[in-house]
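What follows is each chain in one-letter form.
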Amino acid sequence: MASETSPRPADSLLDIQRTWWDRLAFIGRLLWRDKGGMLGLFLFLLVVFSAVFAPWIAPHDPLEQVMEDSKMPPAWSVGGSWEHLLGTDTLGRDIFSRIIYGSRVSLTVGFFGVLIAGTLGMIIGAIAGYLGGRVDSVITNTVNLVLSLPYLLFVVFIAAIFGRSLLNVILIFGITDAPIFARVTRGEVLKIRESGYVESARCAGASWARIVFDHIMPNLIGPLITLATFEMSAMIFYEAGLGFLGLSVPPSVPSWGNMLAAGRQYLTSYPWIATFPGVAIMITSLGMNLLGDWLRDVLDPRLRRARK
Amino acid sequence: MLRYFLIRLGQSLALMFGVLLLVFMMLRVTGDPAALMLPREASAAEIEAFRERMGFNRPIIVQFADFLSKAVVGDFGESLHFRTPAMTLVTQRLPATVELAATGLLFAVLIGVPIGMMGGLKPGSAADSLARLLALMGQSIPNFWLAMLMILFFGVQLRWFPTFGRGAWNSVVMPAFVLGLPVMGQIVRLTRSTVLEIRSEDFVRTAYSKGLEPPVIYLKHILRNASIPIISVIGVQFGYMLGGSIYIETIFAWPGMGQLLQLAIGWRDFPLVQAIAIFTSTVVIALNLLTDLVYAIIDPRIRYGF
């Protein structure tokens, strides 16, 4: 792999001011070279696709209960039918369709959770990093201490109090995950603020707004996108965990965690009910982690060489 | 050193106060803690009597002062379900959870560090591919789901391990393995990247040019320097495992604090939930303080930074 990239390391997106199209093409070439990243992107797009087009892909209504078809094993095993690819649950609902609809819950929680956490964290982190001094030390200490608490325990505790709803789950993750974004943003802002190019821009008489929007923001986006990918993966994971404990979205909503919880009671007699939602969680998580690894390498040119 | 210790101690106490305040507020933020703790079908008279008994009808400041003064001596009231002091119930469950978390951590370190090191020493080799695969899998496989599959396969079909409870010596194997899995993934990843970095440091090159045997260099020069970030991750992860054990303990019916938490939530036994949350946080905060102090002793740069 190293040999095909070595002759001319077109190593930086910044070396010449290119058009956006050139940059995208460059990123595309890097992606093509990284098999893991390609796989990650493919898996991620697969999940997004099934969430967006769920009504068209799903062969059945995810809520429709057909009691005479209940507890049917997957199509390839004895007693299965191609009518229900991954079998049916104890109420005779089609597992494949429920998994497809379940991706909507997972992605919604992941996306809006990260959006809220990212926005809050970025504001707090930017204030700390930009102002420095006393404000910074108070924020940084608080963030570090909060991050040292047992995270899952508090998520479970808060979820138990507020009760089961999609909005609650999104808010819980959005707020409890903000400190991580704050920590990363602060670190990056600090690094960028002291960098040579910001100093030279300041010397050249650039305005405050110009420094923030033209120099700090573009350099902040890379690490934050990478972090957002990993955090989204983690939230999807934790949401399923909460669902498994019966603390996420209401039981009537088809979500992967709820399916796992329902299948757990029938683990030994009808193992497929709990197996397939777990596979769905794993595929999503794997895809996003691979994508995150690749983004980290691509968006940070310093890491691009160290990887090989 | 004393100054550093006092600052860290002060921070820990402040955080402890923050945790108490948070837990106290959380139980009241929905408006009525009595409604939260009683079953939905409770009558208005029952709720009123309960409110009186728990002291929820007093001004909130008085309630908080009362809560604080009891909390400092470890009194978190009675469990609604068991009608015995909540704190005693929690501490009874502590040994089981510590056994599970410590075994899981041990497993994660014993597998994770050597594999991560092999990967970092020879990037691109087969061992490195294995290390990267393990790191990825540890992060991506939902461990509560893997736990169910393992029960099905190793417990029910092969009958190698007990499927639930804490009894025979081998009952800890499966729950500890799945609890340690995500941690192992992290340790592999971190060891690999740290070793990769240290490998090209000047002092390693010097050691090679002095003619030292590679195993000596691996252990004395590379592993020793890599151990600082690894130890810090272990400290953080132990706290994560104490909280994350709720899933694993629930699945394996392991009689620890996590299982108690899950049961307490089901019973709406919030005094017990509150005691578990505060007790676990205290343990984690104390562990973090301890880790930092050990650090400061090992690494003078930290204590002179203050």
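Residues numbered from 1 in each chain as written. Chains lettered and ligands numbered in written order. Predicted model: local features only at pLDDT ≥ 70, side-chain atom pairs only at ≥ 80, totals over all residues.

Caption draft 1: Inspection of the overall build of chain A at higher detail. From N to C terminus, chain A includes 14 helices and zero strands. In chain A, the succession of helices and strands from N to C terminus is α-α-α-α-α-α-α-α-α-α-α-α-α-α. Taken along the three principal axes of its C-alpha coordinates, chain A extends 75 × 50 × 30 Å. Scored against the burial criterion, the 308 residues of chain A give a buried share of 43%. Put simply, of all contacts in chain A between residues at least 6 apart along the chain, 68% involve residues at least 24 apart. (Helix = DSSP H or I, 4+ residues; strand = E, 2+ residues; numbered from the N terminus. Buried ≥ 20, exposed ≤ 12 C-beta atoms within 10 Å, placed from the backbone. Contact = placed C-beta atoms within 7 Å.)

Caption draft 2: Fine view of the overall build of chain B. In terms of regular secondary structure, chain B is built from 13 helices and zero strands. When the helices and strands of chain B are read in sequence order from the N terminus, they spell out α-α-α-α-α-α-α-α-α-α-α-α-α. The dimensions of chain B, computed from C-alpha atoms along their principal axes, are 85 × 60 × 30 Å. Looking at chain B alone, contacts between residues at least 24 apart form 71% of all its contacts between residues at least 6 apart.

Caption draft 3: Quick look at the environment of B:Gly180. Residues and elements named next belong to chain B. Looking at the element boundaries, Gly 180 is found in helix 8 (residues 173-198). What makes Gly 180 buried here is the crowd of 29 C-beta atoms within 10 Å. Residues Gly 180 and Ser 227 lie 47 residues apart in sequence; the distance between their C-alpha atoms is 19 Å. Contact partners of Gly 180, with chain neighbours within four places excluded, come to Gly 104, Leu 105, Phe 107 and Ala 108.

Caption draft 4: Seen up close, the nonpolar core. Residues A:Val155, A:Val156, A:Phe157, B:Ile187, B:Val273 and B:Ile276 are the most contacted members of the largest nonpolar core, which totals 154 residues. Once you skip the residues sitting within four places of it in the chain, B:Val273 turns out to touch A:Phe157, A:Ala160, B:Leu261, B:Ala264 and B:Ile265. (Core = buried A, V, L, I, M, F, W, Y, C linked by C-beta atoms within 7 Å.)

Caption draft 5: Inspection of the interface of chain B and chain A at higher detail. Tallying the contact residues gives 36 residues for chain B and 32 residues for chain A. At the level of secondary structure, the elements contributing two or more residues to the side of chain B that touches chain A comprise helix 1 (2-29), helix 6 (126-140), helix 7 (143-157), helix 10 (214-252), helix 11 (257-267) and helix 12 (270-298) of chain B. Looking at side-chain class alone, the side of chain B that touches chain A contains 24 nonpolar, twelve polar and no charged residues. (Nonpolar A, V, L, I, M, F, W, Y, C, P; charged D, E, K, R; others polar.)

Caption draft 6: Up close: the environment of B:Ser129. All names here are of chain B. Relative to the helices and strands, Ser 129 is located in helix 6. What makes Ser 129 exposed here is the crowd of 12 C-beta atoms within 10 Å. C-alpha separation for the pair Ser 129 and Gly 235, spaced 106 residues apart in sequence, amounts to 27 Å.

Caption draft 7: Helix 9 (residues 202-209) of chain B, seen in detail. Among the eight residues of helix 9 of chain B, zero are classified as buried, and the element is accordingly described as predominantly exposed. Of the residues flanking the end of helix 9 of chain B, it is B:Gly211, one or two places downstream, whose phi is positive at about 90°.

Caption draft 8: The arrangement of helix 6 of chain B in detail. The terminal C-alpha atoms of helix 6 of chain B, which comprises 15 residues, lie 21 Å apart, in line with the 21 Å expected from a rise of 1.5 Å per residue. For helix 6 of chain B, the set of buried residues is B:Ala131, B:Leu134, B:Ala135, B:Leu136, B:Gly138, B:Gln139 and B:Ser140. Residues of helix 6 of chain B that are buried in the fold lie against helix 13 (272-299) of chain A together with helix 5 (86-121) and helix 8 of chain B. (Expected span 1.5 Å × (residues − 1).)

Caption draft 9: Representation of the packing of helix 10 of chain B against helix 12 of chain B. All names here are of chain B. Taken N-terminus to C-terminus, the directions of helix 10 and helix 12 make an angle of 175°; their axes are 10 Å apart at the nearest point. Classified by the angle between their axes, helix 10 and helix 12 sit roughly antiparallel to one another. Across the interface between the two elements, Ser 232, Gly 235, Phe 238, Gly 239, Leu 242 and Gly 243 from helix 10 touch Thr 280, Val 283, Val 284, Leu 287, Asn 288 and Thr 291 from helix 12. For the contact of helix 10 with helix 12, the class distribution of residues is five nonpolar, seven polar and no charged. (Axes fitted to C-alpha atoms, helices over the stretch in contact; angles between N-to-C directions. Parallel < 35°, antiparallel > 145°, perpendicular 65-115°, else oblique.)

Caption draft 10: Looking closely at the confidence of the model for chain B. All names here are of chain B. Per-residue confidence for chain B averages 84 on the pLDDT scale, and 97% of its residues sit at or above 70. Ranking the helices and strands of chain B by mean pLDDT puts helix 5 first, with 90, and helix 13 (residues 300-304) last, with 65. Predicted as a complex, the structure gets a pTM of 0.84 and an ipTM equal to 0.83. (pLDDT = per-residue confidence, 0-100.)

Caption draft 11: Representation of the confidence of the model for chain A. Residues and elements named next belong to chain A. Residue-level pLDDT values for chain A average 83, and 91% of them are 70 or greater. A low-confidence stretch, residues 1-11 stays under pLDDT 50, and its non-local contacts, those more than four residues away or across chains, total six contacts. Low pLDDT, under 50, characterises residues 304-308; the stretch is placed with six contacts to residues that sit more than four places away or in other chains.

Caption draft 12: Here's a closer look at the packing of helix 6 (residues 133-147) of chain A against helix 9 (residues 178-193) of chain A. All names here are of chain A. Close contact between helix 6 and helix 9 brings their axes to 9 Å; oriented N to C, the two are set at 135°. In this view, helix 6 runs oblique relative to helix 9, as classed from their interaxial angle. The interaxial crossing formed by helix 6 with helix 9 has left-handed handedness. For the pair helix 6 and helix 9, contact is made by Thr 140, Val 143, Val 146 and Leu 147 and by Pro 179, Ile 180, Ala 182, Arg 183 and Arg 186, respectively. Of the residues assigned to the contact of helix 6 with helix 9, the class counts are six nonpolar, one polar and two charged. (Left-handed = near helix turned anticlockwise from the far one by under 90°.)

Caption draft 13: A look at the environment of A:Leu147. Residues and elements named next belong to chain A. You can see Leu 147 is positioned in helix 6. Sequence separation of Leu 147 and Pro 73 is 74 residues, and the distance between their C-alpha atoms is 44 Å. Setting aside residues up to four positions removed in sequence, Leu 147 forms contacts with Pro 179, Ile 180 and Arg 183.

Caption draft 14: Representation of unusual backbone geometry. All names here are of chain B. Residues other than glycine seldom take positive phi values, yet Arg 83 does so here, at roughly 60°. Locating Arg 83 in the fold gives a position in the loop between helix 4 (60-71) and helix 5. Even without being glycine, Ala 253 reaches a positive phi, approximately 50°. Take Ala 253: it is sitting in the loop between helix 10 and helix 11.

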